[in-house]
Structures are given as structure tokens and as C-alpha cells.
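Report on the structure
Below are the chains, spelled out letter by letter.
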Amino acid sequence: MKVLIIGAGAAGSVVVKKCAMNKDVFTSVHLASRTVSKCEKLQKQVKEQFDFDIGVSALDADKPEETIALINQVKPDLVINMALPYQDLAIMDACLATKVNYMDTANYEPIDEAKFEYHWQWAYQERFKEAGITAILGCGFDPGQTNIYCAYAQKHLFDEINYIDIVDCNAGDHGQAFATNFNPEINLREVTQRGKYWENGQWIDTDPLEFYKDIDFPGVGEKRGYLLYHEELESLCQNIKGLKRIRFWMTFGDEYIKHMEVLQNIGMTRIDPVMHNGAEIVPIQFLKTLLPEPSSLAENYEGKTSIGCIMTGIKDGKEKTIFIYNICDHAQTHAEVGAQAVSYTTGVPPVTGALMIARGEWAQEPGVFNVEQMNPTPFMEEVAKQGLPWHIIELPAGLGELTQRRKEKDAA
Ligand code: NDP
């Protein structure tokens, strides 16, 4: 399989290295990104560590004509988009023009509005079908592996799933006062926006971080998870049969929340342009320039991520609750590919997905699909071999009701 990877950041670097570790399948790998020196650095590392040659190019993926020209030169079977959500539609346009399959890990979001929704990408359905190509959306960890856990549970463990709580904990310590584990701009836009979850066919809005739950995360212990809106809720509520409620929880330390609230209160997370000394700047973009790059956190990062899905449903007439999860160790992923666990858990699933396409297990039909619409069984087997082993345990009960943080704050 020939792949073109776009985006040489924290997660893109893991994709490149994992492809090199599967060089029997990925016979040709080309990496293109905005800053070509980052591609060249990775090219050197991949040659030294895996004795594998990759091609590199500078690319502004906001310009479909540049991506089309590169695709025509490289002739990949698949484009893996590891750039930012802003580039999704422009890269899908280039794939349509050149009739090449597409995969990404984050759904489209307009740069001037913090609103990530699938409808922009789902609108490509007919055009992808007509072109005879496939787009697989959301093939990172969450979205990605979490969607596949749900699809696997639906296929093998339940007759119907009624309640899903996706729980995401990074219990690692990178030693910085404040840093984000993936692109700072995308991360802060995600956690500062209003929350939302889906229940009985309705979306229920919440204030940012209004609800929390203390969750016992395997491998790391009890941590406080906050209810957020996350994009996989939008597709899973359509693709899981019998679903009554789906929510997403992410843990944040008190220090992270303190910094984030201060940054928000003083306007540093604003996404609209402001005038500064006669020039227009966007505060969140300036903040990104000041914060550490997520790839730079990998060295000395200690601790683990623990991410999975708690699902309650019916099997053979009886209610049961299942937890499927992965635990990933920052130091181990650093030793393996020089990356921290958040980048690693994001980068391994698209490579596993690409292996599924190469073997003819996925993308058998043209069109635009969310990852849970692909066959989960061979993926689950392969992803464990690729570095993300998963576990299934039975729990006495699901996550249950919400705890409201705002009321406690008001009372205090
Ligand atoms: P980084 O910021 O580390 O990397 C993004 C890369 O994309 C950078 O190298 C950047 O270039 C490049 N890029 C940005 N704009 C363009 C452009 N117009 N043309 C070409 N290249 C461009 O982010 P991460 O690696 O942390 O995240 C990558 C993606 O993964 C994001 O979409 C993020 O939302 C997603 N993600 C998904 C997760 C999941 O589990 N599903 C979890 C975490 C992240 P430059 O170096 O010049 O800035």
C-alpha cells in the first residue's frame, strides 16, 4: 500500500513510524506538512531507527490544488490526514479530484467557529460514492478506537446497548505548569465550549465542565472526569442500536482547570481577531505559539492514559455492564517511537485502519463512513498487536447519574 500522510506533528510522527514498522505492507510512505523541516527530521529518524526511506514535501493542505498536485506525483492508495480539523474538507476535495481513499482522526471544524460537527463531511457521501472511493472518518483513539469498542460490543457482547459512557483519563505528568497533549488550539477550543450529551433522541446542553463524575480508571485509580461534548457522540447515537444515552467524560487536574479558567477569563482563548499594536492577531493562535508543542512533552513524561467505554445493555434477556479499555504508558511509547501516549494512542489506530484497507477488510464499499461502520473484529485483533492492547471487564453497574459542579460552587 502507498500512503500519503499529511501533518508532521505529534500524532503524525507516530503514524509515520508505525508505517515504517509495517514496511512489508506500506511499501511507499510520503509525508507532507506545512513546515517541511519537521518532515525532514522525521525522514532522518525513520531511516536511522527503521532503515526505511520516506518521501517528504512542503504542503499547504488548505489549498486543494497543492494537495492534488502532490497526490498526482506520489500516487497513493490512501491519504491519511493528520493535519488539523480545519484542513479536512480541502483534503477530501483533493481526494475526490484524484479518486483516492481518505482517512482522518478529527472531524471538520471551521476556523472562525468552535463547532465541530460531522454534517460538513457527511455531505460528501454521494460524491465519494460516485467517485468510487471511501472516506473513513474519526480513526484515532477517541474518536476512533472508542467507536470500534462500541461496534465490537454491539457485534459480539450485547443484543442491544442502552447506555454508553466514554471515559478518557490521562494520568500522566509532563512536568510543565500548563501544556496540552495535542494541538493546543484544537484542545482548548474543545474543552472551553459548552458541553452536550445525547439522551432519548435529544441533545442536552450543559455549561462548560458543569458536570463531573469520580471514575475508577483501570491502571490509574479514581480520577474526576468532566462531561464534555465529543464528536463520536454524534455518529454513535446513530449507529448503535437501542441506545438511550451516550456521554463523554475527560479528566483534568485542578492545575489544568485553574490555568484554563484564567486564560478564558482574560480572553486568551478567544478565536476572533483582535487588534494588537496595529496588527490583527487571534488570541488562541498567539497562545498556541507560547505553549509547548505536544510532541516536545514526550521526553520525561511519566504515567499512563486509561481510556475506554462503559456500556450497559441487554444480552440474552439480562442486563449487564461491560468496560472495554486500553492503558498506555507514556514512558513506553517514548521508548518505542519517541512520542507521548496521547500522540501514540492517536497514531496507532489510523495505521491499523490502513492495514485493514490493505487487506481488503475495510473500505469494501465507496462512500463516507464513520469508523464504527467498519468491521470491528479484525481491527481489534490487529490493534492489540500494533501496540494498543485492550481489556474487557464486567462491572456491577454503569456510571449512573450526573454530579453538578456549578451547584457545589454556588453553595461554597
Ligand atoms: P500538531 O499540532 O502536533 O500537528 C499538526 C500538524 O499539522 C503540524 O505539523 C502542522 O504543521 C500541520 N498543519 C497544520 N496546518 C497545515 C496545513 N494547512 N497544511 C499542512 N500541514 C498543516 O497536532 P497533533 O498531532 O496533536 O494532532 C493532529 C490531529 O490529530 C488533529 O486534527 C487533532 O485534532 C487530532 N487528534 C485526534 C485525536 C483522536 O483520538 N481522535 C486525539 C488527539 C489529536 P506545523 O508544524 O507547521 O504547525
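A quick note: this is a predicted structure, and the numbers were derived from the prediction, not measured. (Residues numbered from 1 in each chain as written. Predicted model: local features only at pLDDT ≥ 70, side-chain atom pairs only at ≥ 80, totals over all residues.)

**Considerations on the site of the ligand**
For clarity, the cut-off: The rule is simple: place the C-beta atom from the backbone, and if it lies within 6 Å of a molecule or strand, the residue is near it. In this text, helices come from DSSP runs of H or I with a minimum length of four residues, and strands from runs of E with a minimum of two, each type numbered from the N-terminal end.
Near the ligand lie 33 residues; those nearest to it are Gly9, Ala61, Ala106, Gly140 and Phe182. Looking at the shell around the ligand element by element, the count peaks at 3 residues for helix H1 (residues 10–21).

**What about the sheet that holds strand E1 (residues 2–6)?**
Pairing between the strands of a sheet comes from backbone hydrogen bonds, and it takes one of two forms, parallel or antiparallel. Operational definition: Any two strands with at least two DSSP bridges between them are considered paired. Lines fitted to C-alpha atoms define the axes here, with helix axes fitted over just the stretch in contact, and angles between the N-to-C directions of these axes take values from 0 to 180 degrees. Contact between two residues is assigned whenever their backbone-derived C-beta positions fall within 7 Å.
Spatially, the 7 strands line up as an open sheet ordered E3-E2-E1-E4-E5-E6-E17, and their pairing is parallel. On the outer flanks of this sheet lie strand E3 (55–58) and strand E17 (367–370), each paired with one strand and no other. Averaged over all neighbouring strand pairs, the angle between strand axes comes to 15 degrees, with direction disregarded. Note that E1 and strand E4 (residues 78–81) share 4 bridges and pair parallel. Paired with Leu4 across the bridge in E4 is Val79. Lying on the sheet, H1 is in contact with E1, strand E2 (28–33) and E4; it crosses E2 at an angle near 170 degrees. Lying on the sheet, helix H3 (residues 64–74) is in contact with E1, E2, E3 and E4; it crosses E1 at an angle near 155 degrees.

**Considering helix H10 (residues 254–265)**
The cut-off we apply is this: Multiplying one less than the number of residues by 1.5 Å gives the expected span of a helix.
An ideal rise of 1.5 Å per residue puts 16 Å on 12 residues; H10 measures up with 16 Å between its terminal C-alpha atoms. Looking one or two residues beyond H10, the residue adopting positive phi is Gly267, at roughly 90 degrees.

**Comments concerning the pairing of strand E12 (residues 245–251)**
Definition in use: With C-beta atoms placed from the backbone, a residue counts as buried when 20 or more other C-beta atoms lie within 10 Å of its own, as exposed when 12 or fewer do, and as partly exposed for counts between those limits.
Judged by how many residues are buried, E12 sits mostly within the fold: 6 of 7 residues are covered. With 6 bridges connecting them, strand E7 (residues 160–170) and E12 associate as parallel partners. Paired with Tyr163 across the strands is Arg245, a residue of E12. When strand E8 (residues 195–199) meets E12, the two strands line up antiparallel, connected through 2 bridges. Looking at E12, one finds that Trp198 is bridged to Ile246. Summarising the sheet, strand E11 (residues 221–228) and E12 pair through 4 bridges and their orientation is antiparallel. Counted as the bridge partner of Leu227 is Trp249 from E12.

**So, the packing of H3 against helix H4 (residues 88–98)**
Put simply, the rule reads: Each angle gets one of four labels, with under 35 degrees taken as roughly parallel, over 145 as roughly antiparallel, 65 to 115 as roughly perpendicular, and the rest as oblique. The crossing is said to be left-handed when, going from far helix to near helix, the turn is anticlockwise and less than a right angle, and right-handed when the turn is clockwise. Polar here means any residue outside two lists: the nonpolar Ala, Val, Leu, Ile, Met, Phe, Trp, Tyr, Cys and Pro, and the charged Asp, Glu, Lys and Arg; Gly therefore counts as polar.
The interhelical angle for the contact between H3 and H4, taken along N-to-C directions, is 45 degrees, at an axis separation of 8 Å. With respect to H4, the axis of H3 lies oblique. The handedness of the crossing between H3 and H4 is right-handed. Packed against H3, whose contacting residues are Pro64, Thr67, Ile68, Ile71 and Asn72, the element H4 presents Ala90, Ile91, Asp93, Ala94, Ala97 and Thr98 at the interface. Considered class by class, the residues forming the contact of H3 with H4 number 7 nonpolar, 3 polar and 1 charged.

**Re the domain arrangement of the protein**
Note the following rule: Where each domain begins and ends is defined by an automated method or by a domain database.
For the protein, the assigned domains read domain 1 (2–141 + 340–385) and domain 2 (146–335 + 391–411). Spacing between the C-alpha centres of domain 1 and domain 2 amounts to 23 Å. The partner domain 2 presents 35 residues to the 29 residues of domain 1 that form the contact. For the side of domain 1 that touches domain 2, the secondary-structure elements that each account for two or more residues are H1, helix H13 (341–358) and helix H14 (376–385). In terms of residue count, the dominant contributor to the side of domain 1 that touches domain 2 is H13 (6 residues). When grouped by side-chain class, the residues that make up the side of domain 1 that touches domain 2 number 15 nonpolar, 11 polar and 3 charged.

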